[in-house]
Amino acid sequence: MLAVSDMPTGKNPTPDADAAASKPLIELSHVGVTFPTKRGDPVVAVEDFNLNIAREEIVSLVGPSGCGKSTVLRMLAGLLKPTSGDVWIGGDPNLRGFSEVAIVFQRATLLPWLTILKNVLYPVRVLKGRVGAEDIARAHDLLALVGLDDMAERMPHELSGGMQQRAAIARSLILDAKILLMDEPFGALDALTREDLQLDLLDIHARTKKTILLVTHSINEAVLLSDRVAVMSARPGRLQDLIEIDIPKPRSHESAALPAFIEYSQRIRDDIFGPRGHRKAVS
Ligand SMILES: Nc1ncnc2c1ncn2[C@@H]1O[C@H](COP(=O)(O)OP(=O)(O)OP(=O)(O)O)[C@@H](O)[C@H]1O
Ligand SMILES: [Mg+2]
């Protein structure tokens, strides 16, 4: 298999390229992560976790707090090595595909002393040491993509929370990494801004064809945005259920009224909380 960075991008792919393109872009195979602790037993955060993600797919990772969702993302970002099992990106077990990964966190984490444009360009400056005219043009295109074209010269504190998160998404796209990892990217936003950004993400995906792994605590968000939803069990996190979301595209918030949408949401809720009849009554 080829590493992501080695993959041919021409219009006449060879049979080898076809074969590589049909392989999953991300493969997590029997992955375990155990954290040592200063006092007490080690924490087994993830155990025998298996998940493959195809190119251009949007997969959501849902599960109870502490089940290892962020741990899985950190492994894919190359920030953490698995204790056992294999993490492959683009067919490469050594995470050479690392530069093919961008990450968006719950908070925008923009640098407060740089303009929005310079924040978006920051990864280019770090990686290449200099910013060229073509980078600046691309940053403007990305700001337009996230609806911030007139905010390029503003400072982060002049933007609302939703706008800052849009800028963070533009920054995550500047290096054109094939994989976008998002850890509760809309978790800090109000409900209306969140709904707006969910649709923006679908639009960005339709235009850029990124492979997206999204961690969310919102079951509705997972169903609305995903091709598949991976449900993790409580710690140690394992893959408890993997659900293909067969809802027509393009999707909108009206999709949530479809019977299939309601059934998928219910199935995920049952996976996490147990079947309805077995749930504890909450007063
Ligand atoms: N560096 C670390 N050292 C020790 N334990 C850790 C470390 N990082 C995570 N853990 C533990 O691993 C488990 C999984 O953590 P993780 O952050 O992946 O959960 P999560 O599913 O993202 O939770 P949440 O939904 O609350 O964000 C937790 O029990 C956490 O306390
Ligand atoms: Mg987390």
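Residues numbered from 1 in each chain as written. Chains lettered and ligands numbered in written order. Predicted model: local features only at pLDDT ≥ 70, side-chain atom pairs only at ≥ 80, totals over all residues.

*Asks:* What is the right way to read the packing of helix H3 (residues 116–128) against helix H5 (residues 161–173) from this model?
*Replies:* Each pair of packed helices gets described by two things: the angle between the helix axes and the distance between those axes. It is at 7 Å that the axes of H3 and H5 come closest, and there the two elements cross at 35 degrees. The way H3 lies across H5 gives a crossing that is right-handed. In this structure, H3 uses Ile116, Asn119, Val120, Tyr122 and Pro123 to contact H5, whose residues at the interface are Ala167, Ala170 and Arg171. Class assignment for the residues of the contact of H3 with H5 results in six nonpolar, one polar and one charged. (Axes fitted to C-alpha atoms, helices over the stretch in contact; angles between N-to-C directions. Helix = DSSP H or I, 4+ residues; strand = E, 2+ residues; numbered from the N terminus. Left-handed = near helix turned anticlockwise from the far one by under 90°. Contact = placed C-beta atoms within 7 Å. Nonpolar A, V, L, I, M, F, W, Y, C, P; charged D, E, K, R; others polar.)

*Asks:* Which parts of the structure should I look at to understand the nonpolar core?
*Replies:* Side chains of nonpolar character tend, in soluble globular proteins, to be buried together. Within the largest apolar cluster, 69 residues are counted, with the highest numbers of intra-cluster contacts made by Leu76, Val120, Ala170, Leu181 and Leu213. For Leu181, the residues in contact, after removing those within four places along its chain, are Leu73, Leu76, Ala77, Val101, Ile103 and Leu213. (Core = buried A, V, L, I, M, F, W, Y, C linked by C-beta atoms within 7 Å. Buried ≥ 20, exposed ≤ 12 C-beta atoms within 10 Å, placed from the backbone.)

*Asks:* Mind showing me how you'd approach the site of ligand 1 here?
*Replies:* Taken together, the residues surrounding ligand 1 are Phe35, Thr37, Val43, Ala45, Ser65, Gly66, Cys67, Gly68, Lys69, Ser70, Thr71 and Arg235. Of all the secondary-structure elements, those providing two or more residues to the shell around ligand 1 are strand S2 (43–53) and helix H2 (69–76). Here the element with the most residues in the shell around ligand 1 is H2; it accounts for three residues. Its residues assigned to classes, the shell around ligand 1 shows four nonpolar, six polar and two charged. (Near = placed C-beta within 6 Å.)

*Asks:* How should I be thinking about the sheet that holds S2 in this particular structure?
*Replies:* Consider a sheet: its strands pair through backbone hydrogen bonds, and that pairing is either parallel or antiparallel. Taken together, the three strands give an open sheet; going across it, the order is S2-S1-S4, and neighbouring strands pair in antiparallel fashion. Every other strand in the sheet has two partners, leaving S2 and strand S4 (84–89) as the edge strands with one partner each. Each strand axis lies, on average, 25 degrees off the axis of its neighbour in the sheet, ignoring direction. Strand direction decides the pairing type here: strand S1 (residues 26–35) and S4, joined by five bridges, are antiparallel. (Pairing = 2+ DSSP bridges.)

*Asks:* Explain the pairing of strand S8 (residues 228–232) here, please?
*Replies:* Side chains on a regular strand alternate between the two faces of the sheet. Burial of S8 is extensive: four of the five residues sit out of reach of the surface. Taken together, the four bridges between strand S3 (residues 58–62) and S8 define a ladder with parallel strand orientation. Across the sheet, Leu61 pairs through a bridge with Ala230, a residue of S8. Bridge analysis of S8 against strand S9 (residues 239–244) gives five bridges, and the strand direction is antiparallel. Across the sheet, residue Val231 finds its bridge partner in S9, namely Asp241. Where S8 hands over to S9, the hairpin turn is made up of six residues, counted between the paired strands.

*Asks:* Please explain H2 as it appears in this structure.
*Replies:* Think of an α-helix as turning once every 3.6 residues; residues three or four places apart then point the same way. Within H2, six of the eight residues are buried, leaving the element largely enclosed by the surrounding structure. Among the residues of H2, Lys69, Thr71, Val72, Leu73, Met75 and Leu76 are the ones counted as buried. Just beyond H2, the residue with positive phi is Gly78, at close to 80 degrees.

*Asks:* How should I be thinking about the confidence of the model for the chain in this particular structure?
*Replies:* Should the pLDDT be low somewhere, the predicted coordinates at that spot are not to be read in detail. With 87% of its residues at a pLDDT of 70 or more, the chain shows a mean pLDDT of 88. The low-confidence segment residues 1–12 (pLDDT under 50) makes 27 contacts with residues lying over four places distant or belonging to another chain. (pLDDT = per-residue confidence, 0-100.)

*Asks:* I'm lost on the packing of H5 against helix H6 (residues 191–208) in this one. Help?
*Replies:* Their axes nearest at 11 Å, the elements H5 and H6 cross at an angle of 20 degrees. When the interaxial angle is binned, H5 and H6 end up roughly parallel. For the pair H5 and H6, the crossing hand works out as right-handed. On the side of H5, the interface is formed by Gly161, Gly162, Gln165 and Leu173, while H6 contributes Thr193, Asp196, Leu197 and Thr208. In the contact of H5 with H6, the residues fall into two nonpolar, five polar and one charged. (Parallel < 35°, antiparallel > 145°, perpendicular 65-115°, else oblique.)

*Asks:* Whenever I open this one, the sheet that holds S9 confuses me. Can you help?
*Replies:* Strand order in this open sheet of six strands is S5-S6-S7-S3-S8-S9, and the pairing throughout is mixed. Strand pairing shows two members of the sheet lacking a second neighbour, strand S5 (101–104) and S9, which therefore form its edges. This sheet shows a mean twist of 15 degrees between the axes of neighbouring strands, independent of strand direction. Note: strand S6 (residues 179–183) against strand S7 (residues 211–215), five bridges, orientation parallel. Looking at the pairing, Leu181 lines up with Leu213 of S7. Packed onto the sheet, H5 meets S5 and S6 and runs at close to 170 degrees relative to S5.

*Asks:* Would you take a moment to explain unusual backbone geometry for this structure?
*Replies:* Note: most peptide bonds trans; most residues except glycine with negative phi. The residue after Arg235, namely Pro236, is reached through a cis peptide bond having omega 0 degrees. Cis geometry is adopted by the peptide bond preceding Pro250, which originates at Lys249 and carries an omega value of -5 degrees. Along the polypeptide, Pro250 turns up in the loop between S9 and helix H8 (259–273). We note that Asp48 has phi near 45 degrees; this positive angle belongs to a residue other than glycine. In this fold, Asp48 is placed in strand S2. One non-glycine residue, Asp176, adopts positive backbone phi at about 60 degrees. Position of Asp176 among the secondary structure elements: in the loop between H5 and S6.

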